[in-house]
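Structural characterization, general
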Amino acid sequence: MSTHVTWQTVTSSAEETESLAERLATGLHGGEVIELVSDLGGGKTTFTRGLMRGLGSVDKVASPTFTISKMYIAGDLTVHHFDFYRLHEPGIIADEMAEVVSDPKAIIVVEWADVVQHVLPENRITIRIDQTPEGDRRITFHYPAALHEIMEKVEM
Ligand code: ADP
Ligand code: MG
């Protein structure tokens, strides 16, 4: 087991969450897996939108809830956005995900990853978004210490 680090912040608007994600994007090279955890409406798709903006992609980010997976292009990287909401049997999509996990030019973003925990690498960034009673979002990053360079720009 590698050592993990936890870092937390609060955002007060969708735009703030997007710019936080944008900062994370600047450190990504491909090969990273990002797991987004929150209740419905927490801001997972909003975060993904900011991430794509930070990667310089002009692709439109929408919740892939009814399509399960979407792919965006960002320069020479591809971003695979999975959403397993209400999916109880991951089946072939889990296989698809396992395949892109091994692609060094792919970044994986996954919402509602419970059913695919067995194919998620331990070496991933988990981002939890909790709504506060005030309507803000408490955002908690949990990541392997080895990824501290990626997180440097996020934590500044
Ligand atoms: P999820 O993908 O987790 O279901 P979405 O990103 O689709 O959530 O929706 C989040 C909703 O909450 C959006 O309507 C967004 O504008 C709103 N919102 C309000 N405050 C925030 C915040 N601080 N961060 C992210 N989203 C926020
Ligand atoms: Mg969503």
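None of the values given here were measured: they were computed from a predicted structure.

1. Details of the packing of helix α1 (residues 14-25) against helix α2 (residues 44-54)
Relative orientation of the contacting elements α1 and α2 amounts to 45°, with a least axis distance of 7 Å. On the basis of their axis angle, the class for α1 and α2 is oblique. Along this stretch, α1 crosses α2, giving a crossing that reads as right-handed. Every residue of α2 that contacts α1 at Ala14, Glu15, Thr17, Glu18, Ser19, Leu20, Ala21, Glu22, Leu24 and Ala25 is listed here: Thr46, Phe47, Arg49, Gly50, Leu51, Arg53 and Gly54. A class-by-class count of the residues in the contact of α1 with α2 yields 7 nonpolar, 5 polar and 5 charged.

2. Some points on the environment of Glu99
Secondary-structure assignment places Glu99 in helix α3 (residues 91-101). Given a relative accessible area of 61%, Glu99 falls into the exposed group. Considering only alpha carbons, one finds Glu99 and Val79, 20 residues apart in sequence, at a separation of 13 Å.

3. Here's the deal with the pattern of salt bridges
If you walk through the whole model with that rule in mind, you get 6 salt bridges. In this structure, Arg53 engages Glu15 in a salt bridge whose closest nitrogen and oxygen atoms are separated by 3.1 Å. Of the two residues, Arg53 is situated in helix α2 and Glu15 in helix α1; the sequence distance between them amounts to 38 residues. Assessed through its relative accessible area of 43%, Glu15 is described here as partly exposed. Note that Glu18 is salt-bridged to Arg53, the shortest N-O span being 3.1 Å. Linking Glu18 in helix α1 with Arg53 in helix α2, this pair joins segments that are 35 residues apart in sequence. Within the structure, one salt-bridge network assembled from shared partners comprises Glu15, Glu18, Glu22 and Arg53.

4. Comments concerning the coordination of the magnesium ion (ligand 2)
Protein coordination at the magnesium ion (ligand 2) comes from Thr45 (OG1) and Glu111 (OE), with a distance range of 2.2 to 2.4 Å. Residue Thr45 is found in helix α2, and its partner Glu111 is found in strand β5 (residues 106-111); the two are separated by 66 residues along the sequence. Judged by relative accessible area, which is 14%, Thr45 ranks as buried. By relative accessible area, which is 2% here, Glu111 ends up buried.

5. Notes on the site of ligand 1
Around ligand 1 sit 16 residues, and of these Thr17, Gly41, Lys44, Thr45 and Thr46 come closest. The side chain of Thr46 places a nitrogen or oxygen atom 2.6 Å from an oxygen atom of ligand 1. Here the residues of the shell around ligand 1 sort into 2 nonpolar, 10 polar and 4 charged.

Reading the values: the criteria
- Residues numbered from 1 in each chain as written.
- Chains lettered and ligands numbered in written order.
- Predicted model: local features only at pLDDT ≥ 70, side-chain atom pairs only at ≥ 80, totals over all residues.
- Heavy atoms only, no water.
- Axes fitted to C-alpha atoms, helices over the stretch in contact; angles between N-to-C directions.
- Helix = DSSP H or I, 4+ residues; strand = E, 2+ residues; numbered from the N terminus.
- Parallel < 35°, antiparallel > 145°, perpendicular 65-115°, else oblique.
- Left-handed = near helix turned anticlockwise from the far one by under 90°.
- Contact = heavy atoms within 4.5 Å.
- Nonpolar A, V, L, I, M, F, W, Y, C, P; charged D, E, K, R; others polar.
- Buried < 20%, exposed > 50% of the residue type's maximum accessible area, 1.4 Å probe, protein only.
- Salt bridge = Lys/Arg side-chain N within 4 Å of Asp/Glu carboxyl O.
- Donors = N, O, S within 2.8 Å, 3.2 Å for Na, K, Ca; no water.
- Near = heavy atom within 4 Å.
- Polar contact = N/O pair within 3.5 Å; in protein donor to acceptor, adjacent residues only side chain to side chain.

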